[in-house]
Every structure is written in C-alpha cells, then in structure tokens.
Amino acid sequence: MILFNLLTLSGVQAQAVTRLVLTEHLATDVFVDEAIANHCLRPDGSVGTEPLYRVIFLTKALLYRTIEETLHTAFPANDFRIYATAVTHVNDTEAVRIRELRLA
C-alpha cells in the first residue's frame with residue numbers, strides 16, 4: 001500500500017485528477033490540500049512563492065504505474081510532480097477498502 005502524492009500549480013487540474021482517480025477506481029478517498037505556499041528559487045536568484053495544490057490518496061502499490069500512465073494520458077502537458085510513500089500499517093477497515101480497488 002502507498003500514499004500517492006501529486007503536486008500541481010493548477011487548482012483546476014487538482015480537481016480533475018481527483019475526479020479521474022475516483023471514477024477509475026484507483027482510490028476510494030482523495031484529499032486535496034489547496035493553496036499551499038510553495039517557496040521556490042527563481043532564475044534571478046530571488047525566492048518567490050506561488051500557490052501549490054497537493055492531491056493525496058491511499059492506493060495499492062501495484063497501481064502506481066497504472067496511475068502514472070493514466071495521468072500522463074489524461075494530462076499530457078502537465079506540471080505534475082508525483083511520488084509515493086510506502087504505508088506499512090492501516091486500520092482493518094481501510095485495508096479492506098484498498099484491497100477492493102481495481103486490479104493493476
């Protein structure tokens with residue numbers, strides 16, 4: 001099981017990703033952190049900020065590649081940064097929900 005994280009500068013794309021992941025049965029619940037302060041180094045050397053959106057959900061580790069390909073197909077010109085964190089323990093109810101997701 002993994003915690004899938006997607007970062008984007010677009011709130012519209014964050015919402016579209018959420019709908020896609022749910023309707024494709026790649027997650028049962030999706031959480032969106034909105035307008036996170038994203039501090040970045042600009043080409044001129046100054047530090048700037050821009051809003052960042054984070055889409056987070058638990059899913060099967062075997063679905064990572066499928067999710068990555070689905071996102072690339074649906075959003076070919078995107079700014080996504082994606083990564084996953086291994087999840088070793090969840091409560092029984094959540095484990096059952098994740099096991100029922102579609103097969104990879």
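Up top is the structure these notes are about.
This structure is a prediction, so every number in the text was calculated from the model and none was measured.

A.B. asks: Can you walk me through the overall build of the protein in this structure?
C.D. replies: Regarding its fold elements, the protein presents three helices and four strands. Here the protein holds 104 residues, and the buried ones make up 36% of them. Counting every atom, the protein has about 6,400 Å² of accessible surface; 56% of that belongs to carbon and sulfur. Of the charged side chains in the protein, 9 are positive and 12 negative, and the gap between their average positions amounts to 3 Å.

A.B. asks: How should helix α1 (residues 11–23) be read in this particular structure?
C.D. replies: Side chains of residues three or four places apart in an α-helix project in the same direction, reflecting 3.6 residues per turn. The end-to-end C-alpha distance of α1 is 19 Å, a good match for the 18 Å that 13 residues give at a rise of 1.5 Å each. Here α1 has its buried residues at Gln 13, Ala 14, Ala 16, Val 17, Thr 18, Leu 20 and Val 21. Looking at the packing, one finds that the buried side of α1 touches β1 (2–8), β2 (31–41), β3 (47–59) and α2 (64–74). The N-capping residue of α1, defined by a side-chain oxygen 3.4 Å from the backbone nitrogen of Val 12, is Ser 10. One or two residues past the end of α1 sits His 25, with phi positive at roughly 60 degrees.

A.B. asks: Looking at this structure, I do not really get the packing of aromatic side chains. What am I missing?
C.D. replies: Centre distance and the angle of the planes are the two values used to describe a pair of aromatic rings. Within this structure, the stated rule accounts for three aromatic pairs. Consider the rings of Phe 4 and Tyr 64, whose centres lie 5.5 Å apart with planes at 45 degrees: the pair is tilted. Of this pair, Phe 4 sits in strand β1 while Tyr 64 is found in helix α2, placing the two residues 60 residues apart along the sequence. Phe 4 gets classed as buried once you look at its relative accessible area, which sits at 0%. For the pair Phe 75 and Phe 80, a centre-to-centre distance of 5.4 Å together with 65 degrees between the ring planes defines the contact as edge-to-face. Of the two residues, Phe 75 and Phe 80, neither departs from the other in class, the shared state being buried. Aromatic ring contacts, followed pair by pair, group Phe 4, Phe 57 and Tyr 64 into a single cluster.

Rules used throughout
- Residues numbered from 1 in each chain as written.
- Predicted model: local features only at pLDDT ≥ 70, side-chain atom pairs only at ≥ 80, totals over all residues.
- Heavy atoms only, no water.
- Helix = DSSP H or I, 4+ residues; strand = E, 2+ residues; numbered from the N terminus.
- Buried < 20%, exposed > 50% of the residue type's maximum accessible area, 1.4 Å probe, protein only.
- Areas by Shrake-Rupley, 256 points an atom, 1.4 Å probe, with all protein chains shown as cover.
- Lys, Arg positive; Asp, Glu negative; His and termini not counted.
- Charge placed at Lys NZ, Arg CZ, Asp CG, Glu CD.
- Expected span 1.5 Å × (residues − 1).
- Contact = heavy atoms within 4.5 Å.
- Polar contact = N/O pair within 3.5 Å; in protein donor to acceptor, adjacent residues only side chain to side chain.
- Phe/Tyr/Trp six-rings, centres within 6.5 Å; stacked < 30°, edge-to-face > 60°.

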